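Residues per chain, in single letters:
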Amino acid sequence: MNHLSRLLMALSCMLAACTMSFATIPAGYYTSLTGKSGAELKTAAHNIIKNMTLTNTSYSAIYSALSQTFQRTDLYPQSRLWWDMYSNIPRYAPSFSGLNREHSFPKSWWGGSTSVNAYIDLNHLYPADGPANQAKSNYPLGEVNTSQKIMYDNGVVLIGYPVSHQGGGAAYVFEPNEEYKGDFARTYFYMVTCYQDYKWASNYSWMVQNGAYPTLTTWAVELLLRWAEEDPVSQKELDRNDEVYRIQNNRNPFIDYPLLAEYIWGKYKGEPFDPGKTPDEEPAGTPVLYSPVQDQELEFGEVALGKSATAQLLIQGENIRSYIDVMISRRINGENNPDYGMFTTAQNSVDATLINRQEGTYLSVTYTPTSLGEHQARLVVSEGGITGSRGVNLRGTGCPVPTLSRINATAATEIGSDSYIANWDIPADDVIDYYIVNRTRYVNGTAETTALVADGNSLLIDGFDPSTSESYTVQSVRLGYTSPESNVIYVSHTGIGDIEHDMPFCVAAIPGGLRFVTAEPHTDARIYDVAGHLVHAIATVDSYTEVTLPPGLYIVTTAESRHPQRVAVH
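Throughout this description, residue numbers start from 1 for each chain and increase along the sequence as written. For this predicted model, a pLDDT threshold of at least 70 governs which residues receive local features, and a threshold of 80 or more governs which side-chain atom pairs are given and counted, while totals over whole chains, interfaces and linings are taken from all residues. Each side-chain value is worked out from all heavy atoms of the structure, with water and hydrogens disregarded.

**Considering the overall build of the protein**
Right, on to step 1. Broken down by element type, the protein carries 12 helices and 31 strands.
Right, on to step 2. At 35 Å, the protein has a C-alpha radius of gyration far larger than the 25 Å of a compact globule built from 570 residues.
Right, on to step 3. Taken over the C-alpha atoms alone, the protein extends approximately 115 × 50 × 50 Å along its principal axes.
Right, on to step 4. Counting every position in the protein, which comprises 570 residues, the buried fraction comes to 51%.
Right, on to step 5. By definition, residues are in contact when any of their heavy atoms lie within 4.5 Å. Within the protein, contacts between residues at least 6 apart in sequence are counted, and of these 67% link residues at least 24 apart. In this text, helices come from DSSP runs of H or I with a minimum length of four residues, and strands from runs of E with a minimum of two, each type numbered from the N-terminal end. The reference for a compact globule is 2.2 Å times residues^0.38; the radius of gyration itself is calculated from the C-alpha atoms. Note on classification: 1.4 Å probe, protein chains only; a residue is buried when its accessible area is under 20% of the maximum for its type, exposed when over 50%, partly exposed between these limits.

Written as structure tokens, this is what we have:
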């Protein structure tokens, strides 16, 4: 938005803050909605708002006169500047040059007839920048996938390919500016309610379907409800709604009662609507959000491509109503954010009952880099009755997949009665976050492996039972990736590879297997692979007992020997 537009916008916001008023709803206008819910409620609203008062002038004449009518409905307060939701180009009334009379709800969707009320209904007609309006065509509303080619971007609106699960099959979608998404959502709620008896063109049924209820498709309901929540009713909408009522004698009930859409399609669907009451679950007291604070930082650090990192954001408050809405903004400082899709939240809203607890609750935010370099996004927290919104800065760095060398494990040292130190060499050129020591204990013929974490190139290992033997391997870890497992180091209380047995035996490799060499028979012989999996068991072995095995490294134990034997089969 240019400097002049920003200045006028700021002025209008200050005026609105000073003179904020509620819509002037005629007494009894919505009485017939009381007690109704869902489809019945929608039809009751339809019966109220379908009664537009039109002059005897032809439809084409009314449409032609819109440039004059818009001067009553679509100028900035205390100004002659057109309030154009499609561009940031300053244009001034009475000139209408460069602007179009825009059907925000495309007329092609009802077949294009110019002799029906929808064609001249001010509740969805707006002054719009000509090039933006032409680029919009009759595409549905939606969120543009900014990772793909953008078809149109004037700094205010986007047109491009839809994100997943949106668009209803349309090639492109139209995405308005964040500050107007609620305006468009409430406009569409109005149109599918006022004209729920229309038959929609089959080739443009991306957001609508025939029938009085629900009329909107499932994905459209989800999108519009969310936009209506993210962008609450503004003073602009309230003032315009009153002025449209003065001109054509009907109103947009979704501006007068923002929660009406939730009673028809959303979280209050099935509950009776009462224009004079708010939902019962809304607590008394002023809503206060303690956490997060404005411009809080949530750091994800370095994350390798193909991996994700998740951080927890505390959401804590008092007297929060219904829920808090959370979203990753698609823009930063008014510009499209190419990093937007790399950050996701576990949910789009957080229940107020969890937020209002003394300990609050946590929201999981995940960063999944798809390119190298530093990335950022803005998490926006709003709704729940709080004033305005809170912004949280999300930051992370995408790193290449690390290349990790195989660690060389070395002999254990300081072998004591119940402990020893495992050792290994540090690769010269590897960047390493930490090491994993895979400790394997051999107890009664069973191998048990435990992963231990170390920062340097050694680790004190406690609980070394004199009646057992064990081994270890080492791996390095960088950004969630692990190196290949190192060589195996065997540890006994007499040292590495020391032979001290109650009944000595040894195992020799032979082509395609191994052979036991023992002075006396051994029982419960067990053969494990280096991962600790049992691959063979023999009740009794004698000297020269042979076992056929595929090539690999194996560990052999018996009931009569406290120390395992290692053998490589080729």
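**Observations concerning the environment of Thr 187**
Right, on to step 1. Note that Thr 187 resides in helix 7 (residues 181-194).
Right, on to step 2. A relative accessible area of 1% places Thr 187 in the buried class.
Right, on to step 3. For the pair formed by Thr 187 and Gln 78, sequence separation is 109 residues and the distance between their alpha carbons is 25 Å.
Right, on to step 4. Excluding anything up to four places from it in sequence, Thr 187 contacts Ser 104, Asn 123, His 124, Tyr 126 and Asn 252.

**Some thoughts on the sheet that holds strand 7 (residues 296-304)**
Right, on to step 1. In spatial order, the strands read 7-16-15-9-13; together these 5 strands make up an open sheet with mixed pairing. Edge positions in the open sheet fall to strand 7 and strand 13 (349-351), since each of these has one partner strand only. Averaged over all pairs of adjacent strands, the angle between strand axes in this sheet comes to 20 degrees, irrespective of strand direction.
Right, on to step 2. Alignment of strand 9 (residues 323-328) against strand 15 (residues 373-382), held across 4 bridges, turns out to be antiparallel. If you follow Ile 328 over to strand 15, its bridge partner there is Leu 379. For two strands to be treated as a pair, DSSP must find no fewer than two bridges joining them. Axis lines are fitted to C-alpha atoms, over the contacting stretch for helices. Their N-to-C directions set the angle, which ranges from 0 to 180 degrees.

**A short note on the confidence of the model for the protein**
Right, on to step 1. Residues of the protein with pLDDT of at least 70 account for 91%, and the chain-wide mean is 86.
Right, on to step 2. Every residue in residues 1-22 is under pLDDT 50, and counting partners more than four places away or in other chains gives 29 contacts. Note on scores: pLDDT gives the predictor's confidence for each residue, bounded by 0 and 100.

**Quick word on the pattern of salt bridges**
Right, on to step 1. Here a salt bridge means any side-chain nitrogen of Lys or Arg lying within 4 Å of a carboxyl oxygen belonging to Asp or Glu. Counted by the stated rule, this structure contains 23 salt bridges.
Right, on to step 2. A salt bridge links Lys 181 to Glu 175; its shortest N-O distance comes to 2.8 Å. Taken as a pair, Lys 181 and Glu 175 share a single burial class, namely buried.
Right, on to step 3. With a closest N to O distance of 2.7 Å, Arg 251 and Asp 242 form a salt bridge. There is no split in this pair, since Arg 251 and Asp 242 are both buried.
Right, on to step 4. Beyond isolated ion pairs, a larger network of salt bridges with shared partners links Glu 143, Glu 222, Arg 226 and Glu 230.

**Some details on the nonpolar core**
Right, on to step 1. Phe 105, Leu 141, Phe 189, Tyr 195, Leu 224 and Trp 265 are the most contacted members of the largest nonpolar core, which has 74 residues in total.
Right, on to step 2. Among the secondary structure elements, those contributing two or more residues to this core are helix 2 (38-49), helix 4 (66-73), helix 5 (117-120), strand 2 (125-129), helix 7, helix 8 (218-230) and helix 11 (260-264).
Right, on to step 3. Here Tyr 195 is in contact with His 46, Met 52, Asn 117, Ala 118, Asp 121, Tyr 190 and Trp 200, once residues within four sequence places are set aside.
Right, on to step 4. Among the nonpolar cores identified, the runner-up in size contains 27 residues, and Leu 298, Phe 300, Met 342 and Ala 352 belong to it. The criterion is simple. A nonpolar core is a set of buried Ala, Val, Leu, Ile, Met, Phe, Trp, Tyr and Cys residues joined through side-chain atoms within 4.5 Å.

**Brief notes about the sheet that holds strand 25 (residues 505-510)**
Right, on to step 1. What the 3 strands build is an open sheet, ordered 25-26-29; its pairing is antiparallel. Strands at the two margins of the open sheet, each flanked by one partner only, are strand 25 and strand 29 (546-548). In this sheet, adjacent strand axes meet at a mean angle of 20 degrees when their direction is disregarded.
Right, on to step 2. Taken together, the 3 bridges between strand 26 (residues 513-518) and strand 29 define a ladder with antiparallel strand orientation. Along strand 29, the bridge assignment pairs Leu 514 with Val 547.

**Quick look at empty space enclosed by the protein**
Right, on to step 1. Here a cavity denotes a set of grid points, spaced 1 Å apart and computed over the protein atoms alone, in which a 1.4 Å probe fits but from which it cannot get out, and a pocket denotes an open set meeting protein on both sides within 12 Å along at least five of seven lines; residues with an atom within 4 Å of a point are reported as lining. Grid points are joined across faces, edges and corners, and a volume is the space filled by probe spheres set on the points. One pass over the structure, following the stated rule, counts 3 cavities of 30 Å³ or more.
Right, on to step 2. Each pocket or cavity is described by its volume, and for the largest cavity that value is around 110 Å³.
Right, on to step 3. Lining of the largest cavity is provided by Asn 123, Tyr 126, Asp 183, Arg 186, Thr 187, Lys 236, Glu 237, Arg 240, Asn 241, Val 244, Asn 252 and Ile 255.
Right, on to step 4. Counting only elements with at least two residues in the lining of the largest cavity, the list comes to helix 7 and helix 9 (235-248).
Right, on to step 5. Broken down by element, the residue count for the lining of the largest cavity peaks at 5 residues, all from helix 9.

**Side note on the packing of helix 7 against helix 9**
Two measures define how a pair of helices packs: the angle their axes make with one another and the distance between the axes.
Right, on to step 1. Following both chains from N to C, one finds helix 7 and helix 9 inclined at 35 degrees, their axes separated by 11 Å at the closest point. Crossing geometry of helix 7 relative to helix 9 is assigned as right-handed. On helix 9, the residues touching Gly 182, Asp 183, Arg 186 and Tyr 190 of helix 7 are Lys 236, Glu 237 and Gln 248.
Right, on to step 2. Across the contact of helix 7 with helix 9, the residue classes tally to 1 nonpolar, 2 polar and 4 charged. In this scheme, a crossing is called left-handed if the near helix is turned counterclockwise away from the far one by less than a right angle; it is called right-handed if the turn is clockwise. Note on residue classes: Ala, Val, Leu, Ile, Met, Phe, Trp, Tyr, Cys and Pro are nonpolar, Asp, Glu, Lys and Arg are charged, and everything else, Gly too, is polar.

**Some points on the packing of helix 4 against helix 9**
Right, on to step 1. Running from N to C, helix 4 and helix 9 point in directions that differ by 135 degrees, and their axes come no closer than 9 Å. Here helix 4 is positioned oblique relative to helix 9, judged by the angle of their axes. Residue-level inspection shows Thr 69, Phe 70, Arg 72 and Thr 73 of helix 4 in contact with helix 9, the latter providing Arg 240, Glu 243, Val 244, Arg 246 and Ile 247. For classification purposes, an angle smaller than 35 degrees is called roughly parallel, one larger than 145 roughly antiparallel, one from 65 to 115 roughly perpendicular, and anything else oblique.

**Points about the layout of surface pockets**
Right, on to step 1. Volume-wise, the second largest pocket comes out at about 480 Å³.
Right, on to step 2. What lines the second largest pocket is a set of 20 residues, among which Glu 143, Gln 166, Arg 226, Tyr 340 and Asn 348 lie closest to the centre.
Right, on to step 3. Of all the secondary structure elements, the ones that give two or more residues to the lining of the second largest pocket are helix 8, strand 9 and strand 12 (343-345).
Right, on to step 4. Considering each element in turn, the lining of the second largest pocket owes the most residues, 4 residues, to strand 9.
Right, on to step 5. Partitioned by chemical class, the residues of the lining of the second largest pocket number 6 nonpolar, 7 polar and 7 charged.

**Let's talk about the pairing of strand 2**
Right, on to step 1. Most of strand 2 is tucked away, with 5 of its 5 residues classed as buried.
Right, on to step 2. Summarising the sheet, strand 1 (residues 99-103) and strand 2 pair through 5 bridges and their orientation is antiparallel. Looking at strand 2, one finds that Arg 101 is bridged to Pro 127.

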